[in-house]
Every structure is written in C-alpha cells, then in structure tokens.
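One letter stands for each residue in the lines below.
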Amino acid sequence: MRTSYLVLAIVGAVVPYVFFTPLILEAAPIGVWLELMLANNASRGLTGDLLVSSVVFWVLVYREAKVHGMRRWWAYVLVNLGIGLSCALPLFLYVREGKATTAPDA
C-alpha cells in the first residue's frame, strides 16, 4: 500500500499543474485565481469543499504526527497550500505508513 501512496502523491502533484500551468505562465494575479475559483456555483462548491477538506487534513496531520512521532508536520500543510491536497494527503499517508512499519512492537 505504501508504494500506492507514493504513486498517488506524484499523480496528485502532476494533475493539478496540468490545469494550473497556463495561469502560472500568464503570471495571473491572485484576483484572477479568486475570480475563477468563485465563477459559478459549481466552482464555489468545489472550492468550499476543498477548503474544508484541507482544514480537516491539517487537523489530522497535526494529531497523527504527534501519535506517530513525525517531526515537521507543518511541511504537509505547506505541500497542501503549494501543490494541493491531492499530493499532500497521499504523501502524508506514505510517510506515516513508513513510520508505522518501523515502529517497535509494544
């Protein structure tokens, strides 16, 4: 399962940028990004869903990092903000799975 998480993290990093690259190349200001994110009910719903899911992910990362002794938990929040949840979540699960398999038996 761990390898699947790594593959999904890579896919989750690539797929958003297929769509974001034109905006990045145009050096679109944040106002253009916000306008597009809130352009209609469908995009507002997806944006809201992603924002709520991201906040839930941040809480999960913080809690799970404490349980599994994972330092630098904030790096996953930065990946979430910089790339997206589609990369940050499987990346976190990949690393957490590695911690779980190397943890000593109780």
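Residues numbered from 1 in each chain as written. Predicted model: local features only at pLDDT ≥ 70, side-chain atom pairs only at ≥ 80, totals over all residues. Heavy atoms only, no water.

> Just give me the short version of the pattern of salt bridges, but keep the residues and values in it.
Close approach of charged atoms allows side chains of opposite charge to pair. The final tally for this structure, using the stated rule, is two salt bridges. Residue Glu64 pairs with Arg96 through a salt bridge whose shortest N-O separation is 2.9 Å. On the criterion of sequence distance, the pair formed by Glu64 in helix α3 (residues 41-68) and Arg96 in helix α5 (residues 85-102) is long-range, its members being 32 residues apart. We classify Arg96 as partly exposed; its relative accessible area is 23%. (Salt bridge = Lys/Arg side-chain N within 4 Å of Asp/Glu carboxyl O. Helix = DSSP H or I, 4+ residues; strand = E, 2+ residues; numbered from the N terminus. Buried < 20%, exposed > 50% of the residue type's maximum accessible area, 1.4 Å probe, protein only.)

> I'd like a description of the nonpolar core, backed by residues and values.
By size, the foremost hydrophobic cluster in this structure holds 12 residues: Tyr5, Phe57, Val61, Ala65, Met70, Tyr76, Val79, Leu85, Cys87, Ala88, Phe92 and Leu93. It is α5 that contributes the most residues to this core, five residues altogether. Dropping the residues within four chain positions of it, Val79 is found in contact with Gly84, Cys87, Ala88 and Leu91. (Core = buried A, V, L, I, M, F, W, Y, C linked by side-chain atoms within 4.5 Å. Contact = heavy atoms within 4.5 Å.)

> Summarise the packing of helix α1 (residues 2-25) against helix α2 (residues 30-37); cite the residues concerned and give the values.
For the pair α1 and α2, interaxial distance at closest approach is 11 Å and the crossing angle is 145°. Handedness of the crossing formed by α1 with α2: right-handed. Residue-level inspection shows Phe20, Leu23 and Ile24 of α1 in contact with α2, the latter providing Val32, Trp33 and Leu36. In the contact of α1 with α2, the residues fall into six nonpolar, no polar and no charged. (Axes fitted to C-alpha atoms, helices over the stretch in contact; angles between N-to-C directions. Left-handed = near helix turned anticlockwise from the far one by under 90°. Nonpolar A, V, L, I, M, F, W, Y, C, P; charged D, E, K, R; others polar.)

> Lay out the layout of surface pockets with the relevant residues and their values.
Looking at the largest pocket, its volume works out to about 850 Å³. If you trace the largest pocket, you find 26 residues lining it, with Phe20, Trp33, Met37, Leu50 and Ile83 closest to the centre. At the level of secondary structure, the elements contributing two or more residues to the lining of the largest pocket comprise α1, α2, α3, α4 (74-82) and α5. The element that contributes the greatest number of residues to the lining of the largest pocket is α3, accounting for eight residues. Per-class residue counts for the lining of the largest pocket are 19 nonpolar, seven polar and no charged. (1 Å grid on protein atoms, 1.4 Å probe; cavity = no way out; pocket = protein on both sides within 12 Å on 5 of 7 lines; lining within 4 Å. Points joined across faces, edges and corners; volume = space filled by probe spheres on them.)

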